[in-house]
Amino acid sequence: MGKYIVRRCIQAIPVLFGITIVVYAILLAAPGGPTARFANNPRVTEADREKFKKAWGLDQPVPVQYCRWMGVCNPDNEGLAVFISDNGVPNFLPAAVGGGTNGILHGDFGISISTGQAVSTMIARAALPTAILAGTALVLWLLFAILIGSYSAIRRYSFFDQASTVFAYVGYAMPTFWLGIMLIFIFSGPGLNILPAGGMTETRLSPPFGSDAYWTYFGGHPVQAILDIGKHLILPVITLVVVNIAGDSRFIRASMLESLSQDYVRTARAKGLRNRVVWFKHAFRNAMLPFVTNVGLEIPFLFAGAIVTETIFSWPGMGRLTIDATRDFDYPLLMGVLLITAVIVVFANLLADIAYAVVDPRIKY
Amino acid sequence: MAHEAKSLSTPTGSAPIDVEADAIQAIGMGIAQPDDATALRREEAGADYEVALESLNQWQLAWRKFRHHRLALMGLGILASFFIIALVGPIVWPFDFNTIPQPDVIVYQGRPPSLVHPFGETGGLQRDVLNLVINGARTSLFIGFSSMALGVLIGTIVGSLAGFIGGVLDNVLMRTVDVFLSIPLLFLILVASRFFGNGNVMLIVMIFAFFSWMGIARLVRSLFLSIREREFVEAARAVGVRDRRIIFRHILPNAISPIVVSASLIVAANIISEAFVSFLGFGVNPIYPTWGNILSNALTFIPLGNWWWPFFPGLMIILTVLAVNFVGDGLRDALDPRTRA
């Protein structure tokens, strides 16, 4: 088992490396490059552009730029010495043993072109709101998908089952952002106007989320602050959850139906066990096995859904950061966000594989 | 109708007899099967019934099964009517962004659906939402379907190469697919549309195609790996058939059904992604109506409560995606040789 986990982790390394290359190549191939942000600005001259390129190290050959970003090259040195850190050891080694401090290998994602802040700081600040949104959504999504899916399987062809089938088909075909817009129109429009249309906190009540002032406010009125965030969470979470529930309740229904038709379920019934015991002890636990992997594979969709939802509801998280970075051609920020997302996805897949190996006793390594 | 009997006494497999053709016939292709009509005739024909079999080819069999799938037929109907709307609509009732519909009446507020304007009118420029939706259908459907076609083409080529040639090439191509699939594709599509798209429809199609081939490539490769080992391919090889002919005549025809089914899923995904990318303002130039652009423009009018403005284009997206999914379901059942209608 331990061997298997180690092997899967080692297999993830080339994938992560490949991701950095793909991300870099796509951005590199874009016409105009990072100076495209000045394309429509008549006051930026060619000389300014050159100065900008030099300041951001964009005048270097592409492999050097990539190696600097990775942290293999030292931007302070020239020629062959680029691979050597200021302390005279190979630059890619950790800073603790004298290696360099630049590049993603050392946790340095560079500096955002549009804000001038460190990319890692910006990502760290946006991570908490996204974690709150995606985490709440994940819990509700799993809960409802499991409840709806297994209940429809137990009461197959009942009214509830038929209704959830229709819901699943429609929900699955529904674009997330459209659902979000319609919810805003219904609950925040001039008619009802009972829920906030966007944002994470009531700006008249509290300082912006994440600032130091906010946390002092949070310390002063914790209940009020949590209720406030909760109120702002309702619509985004519904938006994010409906599509996932639709798909997964079908998945669970199918796997539950399959396990209900297994021999061991018949055996359990033949023994005279009560329905509830058969359903939950025999059928349900086996039906959950394939779902464990499925959840891991669906994490990317949760993230993709989060960008959409955060945009509509102006939620100050990773999604918003991605959109802003894309709009402003903010290369370092975009690379950082894409890389972090990819890393999360790779690890979610890894966890799904490992979890499957843990929960399914038939799998031996 | 495809299922009607051609001749009462056609023997099974009237194709010319050669090793290759027989090999193809043996799998997947029509195995003669009597249907209800034949059964009736069989009774009439009395003792002759044993030869009263009709032969149906793969597609006739598939259509016969597809017809019994009510939702799939409905989906096909919806898709067909949307295609007609997308083709004819913009000619009959074109969208002209130079003309403001009611220049002498300044009403900022939109108007809800009425008999004259069944989908209502937008706020701001007071455009007819039905007109926008009809004109948007052409671009949205075009992007969804043509990017699918291009993506399936790329995916099939890559998958065939990886599966047939194998070795180092297979490894390189499949690891590339792995890497692409580890980044949420929506992020990549979004970034690529912003950086390369320029609001141009053809460029957007190419970007979408470029990010929709990976699943197909994986699928085609696995199909090639399994079909390559089957007896009829071995037989073809034994009689000296060249590689190209083996690929196009023996392997690909047997791989078509799974490809068609996953292609339908790609259409659905690409229509939604187009709407999303345009919605964020990185897709098709916002002055032209696409379903995503209409939604995007509606967003600033939330305080006026013009719900009909985003509602109808969204409804069109849902109906299209539902229809595509139903057709995909129907195709999966119809093209699966293990089920019989």
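For the structure itself, consult the block above.
Residues numbered from 1 in each chain as written. Chains lettered and ligands numbered in written order. Predicted model: local features only at pLDDT ≥ 70, side-chain atom pairs only at ≥ 80, totals over all residues. Heavy atoms only, no water.

K.L.:
How should the overall build of chain B be read in this particular structure?
P.N.:
Along the backbone of chain B there are 13 helices and 0 strands. Traced from its N-terminal end to its C-terminal end, chain B shows the element sequence α-α-α-α-α-α-α-α-α-α-α-α-α. For chain B, the share of sequence-separated contacts (at least 6 apart) that also reach a separation of at least 24 residues comes to 72%. A total accessible area of about 16300 Å² is found for chain B, and carbon and sulfur atoms account for 65% of it. (Helix = DSSP H or I, 4+ residues; strand = E, 2+ residues; numbered from the N terminus. Contact = heavy atoms within 4.5 Å. Areas by Shrake-Rupley, 256 points an atom, 1.4 Å probe, with all protein chains shown as cover.)

K.L.:
Mind showing me how you'd approach the pattern of salt bridges here?
P.N.:
A pair can form between side chains of opposite charge whenever their charged atoms are brought close. Enumeration according to the criterion identifies 9 salt bridges over all chains in this entry. One salt bridge in this structure joins B:Arg228 and B:Glu229, with 3.5 Å as the shortest N-O distance. Assessed through its relative accessible area of 25%, B:Arg228 is described here as partly exposed. One salt-bridge network, held together by shared partners, links A:Asp324, A:Arg327 and A:Asp328. (Salt bridge = Lys/Arg side-chain N within 4 Å of Asp/Glu carboxyl O. Buried < 20%, exposed > 50% of the residue type's maximum accessible area, 1.4 Å probe, protein only.)

K.L.:
Hey, could you run me through helix α8 (residues 222-260) of chain A in this one?
P.N.:
For an α-helix the count is 3.6 residues per turn, leaving residues at separations of three or four pointing the same way. Under the 1.5 Å per step criterion, the end-to-end length of α8(A) is only 47 Å for 39 residues, more than 12% shorter than the ideal 57 Å. Along its length, α8(A) reaches its greatest deviation from straightness, about 40°, at A:Leu233, and the proline A:Pro236 lies no more than four positions downstream. (Expected span 1.5 Å × (residues − 1). Bend = angle between axes of the 7 residues up to and from the residue.)

K.L.:
I would appreciate a short explanation of the side chain of B:Asn293 in the present structure.
P.N.:
Residue and element names in this part refer to chain B. Of note, Asn293 is situated in helix α12 (residues 291-298). Polar contacts involving the side chain of Asn293 include one to the main-chain carbonyl oxygen of Asn285, which spans 3.3 Å. Here Asn293 is in contact with Ser278, Val284, Asn285, Pro286 and Tyr288, once residues within four sequence places are set aside. (Polar contact = N/O pair within 3.5 Å; in protein donor to acceptor, adjacent residues only side chain to side chain.)

K.L.:
Can you help me understand the packing of aromatic side chains in this one?
P.N.:
What characterises a pair of aromatic rings is the spacing of the ring centres plus the angle enclosed by the ring planes. Residue and element names in this part refer to chain B. By the definition in use, this model includes 24 aromatic pairs over all chains. Arranged with centres 6.4 Å apart and planes meeting at 90°, the rings of Phe164 and Phe224 form a pair that is edge-to-face. Of this pair, Phe164 sits in helix α5 (residues 129-165) while Phe224 sits in helix α9 (residues 214-228), and the two are 60 residues apart along the sequence. Here Phe210 and Phe211 contribute two aromatic rings whose centre-to-centre distance is 5.1 Å and whose plane-to-plane angle is 80°, an arrangement assigned as edge-to-face. (Phe/Tyr/Trp six-rings, centres within 6.5 Å; stacked < 30°, edge-to-face > 60°.)

K.L.:
What's the story with the nonpolar core in this structure? I'm lost.
P.N.:
The tendency in soluble globular proteins is for nonpolar side chains to be buried as a group. Counting 142 residues, the largest nonpolar core has A:Ile19, A:Phe177 and B:Phe211 as the members making the most contacts within it. With 16 residues, the single largest contributor to this core is helix α11 (residues 243-279) of chain B. Among all residues touching A:Phe177, those that are not within four sequence positions of it are A:Val308, A:Ile312, B:Ile272, B:Ala275, B:Phe276, B:Phe279 and B:Leu295. Ranked by size, the runner-up nonpolar core spans 23 residues in total, among them A:Ala145, A:Ala225, A:Phe291 and A:Trp315. (Core = buried A, V, L, I, M, F, W, Y, C linked by side-chain atoms within 4.5 Å.)

K.L.:
Would you take a moment to explain a nonpolar patch on the surface for this structure?
P.N.:
All names here are of chain B. Together, Phe142, Leu150, Leu153, Ile157, Leu161, Ile165, Leu169, Met202 and Met206 make up an exposed nonpolar region whose accessible area comes to about 810 Å². Sorting the residues of the nonpolar patch by element identifies α5 and α8 (201-210) as the ones contributing at least two each. By residue number, the principal contributor to the nonpolar patch is α5, which donates 6 residues. Of note, Leu150 is situated in helix α5. (Patch = residues over 30% accessible without salt bridge, like charges linked within 9 Å, V, L, I, M, F, W, Y side chains within 5 Å.)

K.L.:
What am I meant to see in the interface of chain B and chain A here?
P.N.:
Size of an interface: often given as the accessible area lost when the parts come together. Taken residue by residue, the interface counts 41 residues in chain B and 44 residues in chain A. For the pair chain B and chain A, the summed buried area comes to about 3800 Å², and 88% of that belongs to carbon and sulfur atoms. If you look at where chain B meets chain A, you find 0 salt bridges. Counting across the interface, chain B meets chain A through 4 residue pairs in polar contact (both at pLDDT 80 or more). Listed by contribution, the elements that provide at least two residues to the side of chain B that touches chain A are α6 (167-182), α7 (185-197), α11, α12 and α13 (308-335) of chain B. When residues of the side of chain B that touches chain A are assigned to their parent elements, the largest contribution, 11 residues, is made by α13(B). The residue inventory of the side of chain B that touches chain A, partitioned by class, reads 34 nonpolar, 5 polar and 2 charged. (Buried area = accessible area lost by both parts, 1.4 Å probe. Nonpolar A, V, L, I, M, F, W, Y, C, P; charged D, E, K, R; others polar.)

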